[in-house]
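Each chain is listed here by its residues.
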Amino acid sequence: MTARMLHLSDFPGGLKLDEHKDLVAGAPIALAPVPPELIIPLAQHVGASAEPVVQVGQYVRRGEVIGRAQGYVSLPIHASSSGTVTAIEDRPVAHPSRLPARCVVIATDGTDTPAPPDWDVLTDPEQAEPHVLRDIARAAGIAGQGGASFPTFVKLNPAQPVDALVINGAECEPYIACDQALMREQADEIIAGARIMMRALDTAVCLIGIEDNKPEAIRAMTEAAAHDARIQIITVPTRYPQGGEKQLIQTLTGREVPSHGLPLDIGIVCQNPGTARALYRAAVFGEAMTDRVISLTGHAMAAPRNVRARIGTPMRFLVEHFGGFSEAPGRLLMGGPMMGIELPDLDIPVVKASNCLLALPSAELPPQEDAMPCIRCGACVDACPAKLLPQQLYWHAKAREFDKAQAYNLFDCIECGCCAAVCPSHIPLVQYYRFAKTEIWAEERERQAADAARIRHEERQQRLEREAAEKEAARKARKQKAAAAKTASPSATAPAEQSASTSTDDPVARAMAAARARKASSTSSTETAAPGQSASSGEATADDPVARAMAAAKARKAARNDAAASHAEQHSASDAVEAAPPADDPVARAQAAARARKAERAAAAEATSEANPSEAPAPATDSDDPIERAKAAARARKAAKAEASATRETEAEDTGAAIGGDAASAEDDPIERAKAAARARKAEKAATAEVTSAVGNPEAPPPSPDSDDPIERAKAAARARKAAKAQDAARQKQAGDGTS
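Residues numbered from 1 in each chain as written. Predicted model: local features only at pLDDT ≥ 70, side-chain atom pairs only at ≥ 80, totals over all residues. Heavy atoms only, no water.

## So, the overall build of the protein chain
Defined as follows: Where helices and strands are cited, they refer to DSSP runs of H or I of at least four residues and of E of at least two residues respectively, numbered from the N terminus. Only protein chains enter the area calculation, which uses a 1.4 Å probe; residues under 20% of their type maximum are buried, those over 50% are exposed, and those in between are partly exposed. Here, two residues are considered to be in contact whenever any of their heavy atoms come within 4.5 Å of each other. Computed with a 1.4 Å probe, the accessible areas rest on the Shrake-Rupley method; for each residue, only the protein chains presented here act as cover.
Tallying secondary structure elements over the protein chain gives 23 helices and 17 strands in all. Out of the 740 residues belonging to the protein chain, those deemed buried represent 38%. Contacts in the protein chain between residues at least 24 apart in sequence constitute 73% of all its contacts with a sequence separation of at least 6. Accessible area for the protein chain stands at about 39,100 Å²; split by element, carbon and sulfur atoms hold 54% of it.

What follows is the structure, given as structure tokens:
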């Protein structure tokens, strides 16, 4: 299978650069001491940064978790040595933006006390289940040490079969030699880690590509893998960027990673030699990823070498401990001269992706020249190992035409810098590409946030519409139920039944039902009152309707409270006697007749109210129904206005008739003239009879004061007073005659 997988090929473009690896390649790896202060960033990998789980003042041990992974593509962060947490704050880190990042600062105690691992160590990791190996890789915080720093456990969890594992030992960039030193000195651990990765990936092929400028590393790795036929060491040509993942895979297998694709798309997983060793140390010894090998190199360095340093060690501490600078560096880079990140100072800490600290003297730096317009020479196209059109990408990135830049496969650019190195116009092409990628990523994050907000808004609108529809359906159901109940009840139901069917919670409905009930009672009372009135007319004079009405009023009035009625009627009777008109005064007789008719009408109204209590104004009560109280008050006001109006009209009419103001209209109505004459004659006869009775028979006894009729009692009292006055007048007359 190895023979079928191996198919040496070549990638397009690339450059032959001065290597300068001899500065550190021959020296053994030195062990850097633990610094007095560790600055450990919480974001040292691709994906979400870790969340701190320690507090200021807390004591931690080497290998203890100080940052918890957030999300799937994330890793925990471990303390690189024992000590006390002194700060959790933003510190400067190696990043192209030069923005600070959140770090945990630890003051070490010098004991380097280890903490037990959070996983079980394995005596034979090659027999473990793949998921167990992936869990160890994640718990140990292992990330790729080749520069991208991608979480290793994610690469060890492919969603499809893997044909081969590729270990990238090319290390093509000038000056960097940390992987070369590691393969030369610790080849056995690298091969053991590669076998663990093969077990996790369930693949039987491992290809290890090493550039031909590293003979010692090739020899050591070949000896370490000699007893395992599944692993093959392949020497590849030295050409930049041979260490690019896609370029090495194409060189070893002849397969090309598709545009916008991953090596897994063609059945390949690529790892770094340092990453393979870290997985072996974690599985067998329970060590978290707390250190790595870094090259301290450059012609400005006094003693260039490869050192194993703790994660979080400040670069200044390493430089000072290993001899410092031979001259003031003109440029400091973390990484190589082609893809490295420029450092503002030496207070930057070592992280999992740190493979080199390069100190270049000013004499080696190319002169700073201003960028000139592109002359379309095509040199950048010939040098591009990704087969892109760098000049097109530059124009669209400069014009912020990011959609067009993506159309030219911007994200296939590996930022190797070959195009900028050969550009005769000195255009910083890679910087434009990085700028365009950053802007596109920012726009994508904004678009995702906007999409999430839009989805939340649409879901909210749907929820509100659904709730409104449910409420409307419930309202219609209630309405249909009420209509069905109303249809089921007969249309001619009695008002009382309608009132009973009305909801008791509706005061307006209760008031309307009560009004209908009173109206029905009034109608029935009116119909039943007629026989009673006709019966009572037998007691009055048959041919005098006024007398019959007065008799009926007397009978109804007798049922009232005797004491209150007697008092009121005594006063009214005495006033009537005192105001009795002379018999020969027709105006006075007419006024007396008008008052009599008024009294008759008032009595009839009182009788009607007694017979029809439902139509009478309801007395003021303490009812709890505000609508009933308002209706009662309105009825009372209406009755009072009607009575006052009737009184004024009657008095005006009778008085005008007496003085001749309405004589013409009265004479036109024979019935009215007859009634008026009858009333006048009756009033005159009654007054004459009373006077005659009082004068002619002074001894005649008045009606019994114990009579049940208060009107009769009042009349008796009036006649008594009138008789007494007549006797006094007779005595005075007799006395006057005797004197004369």
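## Brief notes about the nonpolar core
Here is the rule: The term nonpolar core refers to a set of buried residues drawn from Ala, Val, Leu, Ile, Met, Phe, Trp, Tyr and Cys, joined through side-chain atoms within 4.5 Å.
One finds Leu165, Cys206, Ile208 and Met221 to be the most contacted residues of the largest nonpolar core, which totals 58 residues. Looking at which element gives the most residues to this core, the answer is helix α5 (residues 187-201), with ten residues. If we skip the residues at most four places from it in the chain, methionine 221 touches Met183, Ala187, Ile190, Ile191, Ile208, Ile210 and Ile233. With 20 residues, the next largest nonpolar core counts Ile294, Met301, Val319 and Met334 among its residues.

## Looking at the packing of aromatic side chains
The condition is simple: Geometry of aromatic contacts follows a simple scheme: Phe, Tyr and Trp rings, the Trp one being its six-membered ring, pair when their centres are within 6.5 Å, and the pair is stacked under 30 degrees between planes, edge-to-face over 60, tilted otherwise. Put simply, a charge is over a ring when the Lys NZ or the Arg CZ is close to the ring centre, within 6 Å, and near the line of the ring normal, within 35 degrees.
By the definition in use, this model includes five aromatic pairs. Aromatic pair tyrosine 72 and phenylalanine 153: ring centres 5.3 Å apart, planes at 75°, arrangement edge-to-face. Here the residue tyrosine 72 occupies a position in the loop between β5 (65-68) and β6 (77-78), and phenylalanine 153 occupies one in helix α3 (residues 152-155), the gap between them amounting to 81 residues. The positively charged end of arginine 239 is found above the aromatic ring belonging to phenylalanine 11, 4.1 Å away from the centroid. Directly above the ring of phenylalanine 285 sits arginine 281, whose terminal nitrogen or CZ lies 4.2 Å from the centroid.

## Points about the sheet that holds β6
As a reminder of what qualifies: In this analysis, strands are considered paired if DSSP registers two or more bridges between them.
The sheet built from three strands is open, its strands ordered β3-β5-β6 with antiparallel pairing. Two strands close off the open sheet at either side, each with one partner strand: β3 (51-52) and β6.

## Here's the deal with unusual backbone geometry
Cis geometry is adopted by the peptide bond preceding proline 241, which originates at tyrosine 240 and carries an omega value of 0°. Locating proline 241 in the fold gives a position in the loop between β11 (231-236) and α7 (245-253). Of note in the backbone geometry, histidine 260 takes a positive phi value of approximately 60° without being a glycine. By the secondary structure assignment, histidine 260 is in the loop between α7 and β12 (268-271). Judged by its relative accessible area of 54%, histidine 260 is exposed. Positive phi outside glycine occurs at asparagine 409, with the angle close to 60°.

## Digging into the packing of helix α4 (residues 178-185) against helix α8 (residues 273-285)
For any two helices packed against each other, one specifies the crossing angle of their axes together with the interaxial distance. Worth spelling out the cut-off: For helices, the fitted axis covers only the stretch in contact; all axes are lines through C-alpha atoms, and the angles between them, taken along N-to-C directions, range from 0 to 180 degrees. When an angle is under 35 degrees it counts as roughly parallel; over 145 it counts as roughly antiparallel; between 65 and 115 it counts as roughly perpendicular; any other value is oblique.
Two elements in contact, α4 and α8, have axes separated by 9 Å at closest approach and are oriented at 50°. Classed by the angle they form, the pair α4 and α8 counts as oblique. Within the contact between the two elements, α4 uses Asp179, Leu182 and Met183 and α8 uses Pro273, Gly274 and Arg277.

## A closer look at the pairing of β11
Keep this limit in mind: Crossover handedness is defined here as right-handed if the route from the first strand over the helix to the second strand goes clockwise, with the strands pointing away from the viewer.
Direction of pairing for strand β10 (residues 206-211) relative to β11: parallel, over a ladder of six bridges. Each residue of the ladder has a partner; that of isoleucine 208, found in β11, is isoleucine 233. On the question of chirality, the crossover connecting β10 to the parallel β11 by way of helix α6 (residues 215-224) is right-handed.

## Let's talk about the state of the cysteines
Our working rule: Here, a disulfide means two cysteine sulfur atoms that sit within 2.5 Å of each other.
Inspection of the entire model under this criterion finds zero disulfides. Cysteine 418 provides the cysteine sulfur closest to cysteine 172, a residue in no disulfide bond, and the two sulfurs are 8.7 Å apart. What makes cysteine 172 buried here is its relative accessible area of 16%. The thiol of cysteine 384 is not disulfide-bonded; the next cysteine sulfur, from cysteine 416, is found 6.4 Å away. Residue classification places cysteine 384 among the buried positions, given a relative accessible area of 11%.

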